[in-house]
Amino acid sequence: MNATVRQFRDFFVSLRLTVVLLGLSIILIFAATLDQVNLGVWAVQQKYFQTFFVLWKFGEVPVPIFPGGYFVGGLLFVNLIAAHVYRFKLTWRKAGIFLTHLGVILLLLGELFSGLMQEEYNMRIEEGETKNYAESYQFYELAITDTTDPKFDDVVVIPKELLEKGAAIQHPKLPFRVVPKAFFSNINLGRRSDEPTAPPSPATTGFGPNFVATPIAFNYKPDALNIPAAYVELAGPEGTLGTWLTVYIPPQMMTMPPQTFSTPDGHTWKIALRPQRAYKPYALTLLKFSHDVYAGTDIPKNFSSRIRLATPDGRDDHEVLIYMNNPLRYAGLTFFQSGYDGDHTTVLQVVRNPGWVLPYIACILMAVGLVVQFGIHLTGFFRKRRAAAVPAAA
Amino acid sequence: MKKFLPLLVLLAALAYVGMSLVPPHNTDDFDLVGFGRLPVLVNGRIKPLDTVARTSLLILQGRQRVADPTIPTPMVASPAEWLADVLFAPAKADAYPTFRISSTDSPELVSLMGLTDEQTKISYDNASSRMMAMADFLPKTRSRFSFNQLAPKIPELDKQYKLAQPVDAAVRTPFQKGVIQLYDSLVLYQRLQHSLVPPGEDDFLSRLLSLQKTLPAGVEAIRAKQAGQPYDEELAKQMLEVGNEFVLLDQYSYLRAVPPAADAKDQTAWSNTGSALLDGYGTGRLNPTALTYAAMAQTWRAHQADQFNHLVGLQRDDLQKRFAPQLAKSDAEARFNAAEPFYRSTILYAFAFFLAVISWLKWPETLGRCAFYLVLVAFLAATAGIATRMWLEGRPPVTNLYSSALFVGWGAVGLCLILEQIHRNGIGSAAAGMVGFITLIIAHMLSLSGDTLEMMRAVLDTNLWLATHVVVVTSGYASTFLAGFLALIYIFRGVFTRSLDKLTADTLTRMVYGIVCFATLCSLVGTVLGGIWADQSWGRFWGWDPKENGALIIVIWNAIILHARAGGMIKQRGLMCMAVFGNIVTSWSWFGVNMLGIGLHSYGFMDAAFWWLLVFVISQIVIIVLANLPLEKWRSFRSVATVRPAGTAAARV
């Protein structure tokens, strides 16, 4: 083995590297915790953990200033595997250490896995209502629905990213091009009658001209309300059909009138901005929502949703009770009781996390490993003491 | 004598704790102990009036004693007596100085409330007290004022409150915080006064009794009036007048003292006297519990002890029929309040610490045993206290920040007892005394924000996870702190005394290493269990939320210590410095993250706690710097270092 390779190997198997990386990870986590006040938990994950470098913007130029989660975690992972391969000896004395680190490897893999694969949606269902889709927390889409056939809706959805890009979109199902004019992640919505001096609206049709949409900074606070909006022009072969203002306000806050229009071919359409939807091959009906507080207080005691879960083919049709700490796991998804809205509306969180079982295994491995390891230490310590005590007594 | 000293100390400590088992007794003819044991529903929990009295006093004025600094004896004999005055004789209670306004926190608030220097200055009668005040042993200015003193300026306070209220809690000035705190205190006080009978009405009982007689006719008159038929105008007017009074009681009442009717659907829904009396308009019969309390008020004001005691007994007997288990718990809680096991532990821990420290200089065997016994008794008292709280609440030991402080201390002291039993060198006792004392003081500070036995919010309502994740992760805090405190002992003894010989230094090193191992186990398993709980509740294992991050940082820090030691990167002193830094890491996770203000409110103690946290962190950094003094500056190693070069000395000690 030549010197360079040995140096290389020594670097990757060294405990010094482990300590340095662990130290870096503490600084990274600490900084991310502090920054949550400004950015909120979602953006912090993107900026600090799901990245190779933490970037700092000097003016407009992003400069890497610190290794990110992928970098530190990845190196730690390599270090861990390399050290074990290099020093691996199957002895009892090392069994605990080996198990513990195997657990850590699984945990790191699990975290990477869920970081890449996890999807989080929510479902807001009123009593008696049936829903077969979940909605995203943070992504929006523009839905253009052909409502001509009263029995059937034909929907074309355009994700937020395309709206932000601004390039015109042509789709075989639409007899017009969709030209995104502007997308705002948060606006203040005011009535034009209240703000007569506001500049004229880019919108020419629908409710848009009656409102003033002022873009404001995105609010990262956990329970803040952000109102996304987009100006969208629809351009037919014979010329423009008009520019619409589309906004999404949660229905429990306020209902905006639906915006409909028709095209010369006799079709009627609806245009709306809404949270990204994930349709499911089954539907949930909220049968009963219950919610108790402790007598004389506002402290919630419990809340639970009695749900009917049914597939269109009738293969599955049963009732389940979802409550705190007792989710429903079905078809790779987990439905959690996450909140409520008034006395008759439940909010379920819908999560796909294919790696969910890894932490459980990791936890057992690490716990057993550490107990074994420290147990060996402890019995060694007591044996030595006893050995030392016997000659002293004699 | 020296031989029997440990035994004497043990007996004295046992006697001191045993004293708390003597039931509290009444100081005069009134059965205030019995009164304090009567259960009421507040904040969703059934608790004795004694608890209401104590927690209210803590919220209002930061202590349970009602006293004037210039008068040597307290103004009331017990918190229950103060509460009786607030509930039944408001005019008297209005004169007690029970509202804390600190001129050091916010001088503007003192002037807003129109308190002149004359009112705040304390002039002591005797010369010795004046001397004490000069030396700052006694306060020079008053910090507690009576309702009567504050009343004239309440309209001003109200204005300032409305200005301060919309400001985000995290950015409020001390004045704004003071305004809000005082306003809330006044609201609490006035709600307490409206809890059982209308304040300021001298003859509520006879009004109720005469209402009882005319009730059927009166209800008839109101019905007739509503139906537009002829009715007795005078009677209807009377009925509505009294009714309005009941409505007022119902709106402001703080206590739910009236148990639900036998046929009520929800047997946990106690009501207040106001709404119970209003129900009488439907049933035609006034609620007997409300009548009993009205009569109690009457007899309290008229100093009729026998009748008062009889009414307390009546109320108990009535509850005994259907609420015997609740009554038993509320009795036990009142006894628990009076016994103050944590207060007694605090005192014993302090003594234990001093004895253990002295034992390193003199009489190691004898004083070491004494310290050990003191720690043992204090630990038993704390254990009994925690066990009682668990039984009262029906929960695992840690349910909120307050109980986490109790448990951190308890766990660390438990480990210390094991260490001391193995090594018998006073180090375990000293660490136990220090950690036990500090954690109980922190717990006391946290108790100032109100009742420490709270109902659990829905998401936390799971004994499985409270018993596993929370207990294990709190044990992780406890052991990380303990390792840090043991390291402090190493550094202090090494730098400032000659008592750190090679044997002691090696022993301490083994102790710290062992505890760090234990801390790694607990914090790692506890954190991962927390992740699994989150997976069960919210569907995600890890969310990078501040509390999770804090726990993770503790795990990683402990892992760093173990790896650095395994790789030979640190020796004894390095291990000690890293363990001390563990104190900073743990205090950050325990309290620091709560101060970020992300979705969490900051209350009075938390603001003060921020500065204490800062002081603590700085002190630990100073100690780490101290530990890095060259070895020849360490008193214990000086002689060694002068003989040999410093480098080899480090390797050998």
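Residues numbered from 1 in each chain as written. Chains lettered and ligands numbered in written order. Predicted model: local features only at pLDDT ≥ 70, side-chain atom pairs only at ≥ 80, totals over all residues.

### Some thoughts on the overall build of chain A
Phase 1 of the analysis: Per the secondary structure count, chain A includes six helices and 17 strands.
Phase 2 of the analysis: Here chain A has a C-alpha radius of gyration of 29 Å; the compact-globule value for 394 residues is 21 Å, and the former is much larger.
Phase 3 of the analysis: With the C-alpha coordinates of chain A rotated into their principal frame, the extents come out at 105 × 55 × 45 Å.
Phase 4 of the analysis: In chain A, of all internal contacts separated by at least 6 residues, the share reaching a separation of at least 24 is 56%. (Helix = DSSP H or I, 4+ residues; strand = E, 2+ residues; numbered from the N terminus. Rg over C-alpha atoms; globule rule 2.2 N^0.38 Å. Contact = placed C-beta atoms within 7 Å.)

### A word on the overall build of chain B
Phase 1 of the analysis: Counting its regular elements, chain B contains 28 helices and four strands.
Phase 2 of the analysis: Reported as C-alpha extents along the three principal axes, the dimensions of chain B are approximately 110 × 70 × 55 Å.
Phase 3 of the analysis: A burial count over chain B gives 47% of its 653 residues as buried.
Phase 4 of the analysis: Partitioning the contacts of chain B with sequence separation of at least 6, the portion at a separation of at least 24 is 71%. (Buried ≥ 20, exposed ≤ 12 C-beta atoms within 10 Å, placed from the backbone.)

### A short note on the sheet that holds strand S10 (residues 239–247) of chain A
Residue and element names in this part refer to chain A.
Phase 1 of the analysis: Read from one edge of the open sheet, three strands run S6-S9-S10, paired in antiparallel fashion. Strand pairing shows two members of the sheet lacking a second neighbour, strand S6 (177–184) and S10, which therefore form its edges. Between one strand axis and the next, the sheet turns by 15° as a mean value, whatever way the strands run.
Phase 2 of the analysis: The pairing of S6 with strand S9 (residues 229–236) spans seven bridges and is classified as antiparallel. If you follow Phe184 over to S9, its bridge partner there is Ala229. (Pairing = 2+ DSSP bridges. Axes fitted to C-alpha atoms, helices over the stretch in contact; angles between N-to-C directions.)

### Some words on the domain arrangement of chain B
How large an interface is tends to be reported as the accessible area lost when its parts come together.
Phase 1 of the analysis: Taken domain by domain, chain B consists of domain 1 (50–193), domain 2 (204–302) and domain 3 (456–627).
Phase 2 of the analysis: Here the C-alpha centre of domain 3 of chain B lies 57 Å away from the C-alpha centre of domain 2 of chain B. (Domains from an automatic or database assignment.)

### A short note on the interface of chain B and chain A
Phase 1 of the analysis: Tallying the contact residues gives 52 residues for chain B and 51 residues for chain A.
Phase 2 of the analysis: Counting residues per element, the ones that place at least two in the side of chain B that touches chain A are helix H23 (502–538) and helix H24 (546–566) of chain B.
Phase 3 of the analysis: The element best represented in the side of chain B that touches chain A is H23 of chain B, accounting for 14 residues.
Phase 4 of the analysis: Class assignment for the residues of the side of chain B that touches chain A results in 31 nonpolar, 15 polar and six charged. (Nonpolar A, V, L, I, M, F, W, Y, C, P; charged D, E, K, R; others polar.)

### Overview of the domain arrangement of chain A
Phase 1 of the analysis: Along its sequence, chain A is organised into domain 1 (3–117 + 356–393), domain 2 (121–126 + 280–352) and domain 3 (137–278).
Phase 2 of the analysis: Using only C-alpha atoms to locate each centre, domain 1 of chain A and domain 2 of chain A end up separated by 38 Å.

### Here's the deal with the packing of helix H12 (residues 204–227) of chain B against helix H13 (residues 233–252) of chain B
All names here are of chain B.
Phase 1 of the analysis: Between H12 and H13, the shortest axis-to-axis distance is 8 Å and the interhelical angle comes to 115°. Here the hand of the crossing between H12 and H13 comes out left-handed. On H13, the residues that touch Arg207, Leu211, Thr214, Ala217, Gly218, Ala221, Ile222 and Lys225 of H12 are Leu235, Ala236, Gln238, Met239 and Val242.
Phase 2 of the analysis: Within the contact of H12 with H13, the residues separate by chemical class into eight nonpolar, three polar and two charged. (Left-handed = near helix turned anticlockwise from the far one by under 90°.)

### Description of the pairing of strand S16 (residues 333–341) of chain A
Residues and elements named next belong to chain A.
Phase 1 of the analysis: With three bridges connecting them, strand S15 (residues 328–330) and S16 associate as antiparallel partners. If you follow Tyr330 over to S16, its bridge partner there is Leu333.
Phase 2 of the analysis: Here S15 folds back onto S16 in antiparallel fashion, the turn holding two residues, of which Ala331 has a positive phi close to 50°.
Phase 3 of the analysis: Sheet topology note: the S16/strand S17 (residues 345–352) ladder contains eight bridges and is antiparallel.

### A word on the nonpolar core
Phase 1 of the analysis: In terms of nonpolar packing, the biggest core is built from 135 residues, with Ala352, Leu374, Val375, Ala431, Leu482, Leu486 and Val512 of chain B touching the most fellow members.
Phase 2 of the analysis: Membership of the second largest hydrophobic core comes to 66 residues, among which are Phe204, Ala257, Met296 and Ala297 of chain B. (Core = buried A, V, L, I, M, F, W, Y, C linked by C-beta atoms within 7 Å.)

### Remarks on the pairing of S9 of chain A
Residue and element names in this part refer to chain A.
Phase 1 of the analysis: The element S9 is largely enclosed, with a buried count of six among its eight residues.
Phase 2 of the analysis: Sheet topology note: the S9/S10 ladder contains eight bridges and is antiparallel. Residue Gly236 lies in a different strand from S10, and its bridge partner there is Gly239.
Phase 3 of the analysis: As consecutive antiparallel partners, S9 and S10 are separated by two residues.

### What about the packing of helix H3 (residues 69–87) of chain A against helix H4 (residues 92–117) of chain A?
Helix packing geometry: the angle between the two helix axes and the distance between the axes.
Residue and element names in this part refer to chain A.
Phase 1 of the analysis: As a packed pair, H3 and H4 sit with axes 11 Å apart at the nearest point and diverge in direction by 150°. Classed by the angle they form, the pair H3 and H4 counts as roughly antiparallel. For the element pair H3 and H4, the recorded crossing hand is left-handed. Facing Gly73, Phe77, Leu80 and His84 of H3, the residues of H4 in contact are His101, Val104, Ile105 and Leu108.
Phase 2 of the analysis: Each residue belonging to the contact of H3 with H4 can be placed in one class, and the counts come to five nonpolar, three polar and no charged. (Parallel < 35°, antiparallel > 145°, perpendicular 65-115°, else oblique.)

### Some points on helix H19 (residues 364–393) of chain B
Phase 1 of the analysis: Across its 30 residues, H19 of chain B extends 42 Å between first and last C-alpha, which sits within 8% of the 44 Å expected from 1.5 Å per residue.
Phase 2 of the analysis: Just beyond H19 of chain B, the residue with positive phi is Gly394 of chain B, at close to 65°. (Expected span 1.5 Å × (residues − 1).)

### A word on the confidence of the model for chain B
Residue and element names in this part refer to chain B.
Phase 1 of the analysis: Taken over all residues, the pLDDT of chain B has a mean of 87, while the share at 70 or more is 95%.
Phase 2 of the analysis: Counted against residues more than four places away or in other chains, residues 598–605, with its pLDDT under 50, gives 19 contacts.
Phase 3 of the analysis: Scored below 50 in pLDDT, residues 641–653 makes 18 contacts in the model with residues more than four places away or belonging to other chains.
Phase 4 of the analysis: Prediction confidence for the complex, expressed as pTM and ipTM, is 0.84 and 0.82 respectively. (pLDDT = per-residue confidence, 0-100.)

### Brief notes about unusual backbone geometry
All names here are of chain B.
Phase 1 of the analysis: With phi around 50°, Asn43 is a residue other than glycine that occupies positive phi space.
Phase 2 of the analysis: Among the structural elements, Asn43 can be located in the loop between strand S1 (39–42) and strand S2 (45–48).
Phase 3 of the analysis: By the C-beta count within 10 Å, which is 19 here, Asn43 ends up partly exposed.

### Quick look at the environment of Pro107 of chain B
Phase 1 of the analysis: One can find Pro107 of chain B in helix H6 (residues 107–112).
Phase 2 of the analysis: Pro107 of chain B sits 340 residues away from Ser447 of chain B along the chain, and the two C-alpha atoms are 25 Å apart.

### Notes on the environment of Phe374 of chain A
Residues and elements named next belong to chain A.
Phase 1 of the analysis: Position of Phe374 among the secondary structure elements: in helix H6 (residues 357–393).
Phase 2 of the analysis: For Phe374, a count of 16 C-beta atoms within 10 Å corresponds to the partly exposed category.
Phase 3 of the analysis: Through-space distance from the C-alpha of Phe374 to that of Phe12 is 26 Å; in sequence the pair is 362 residues apart.

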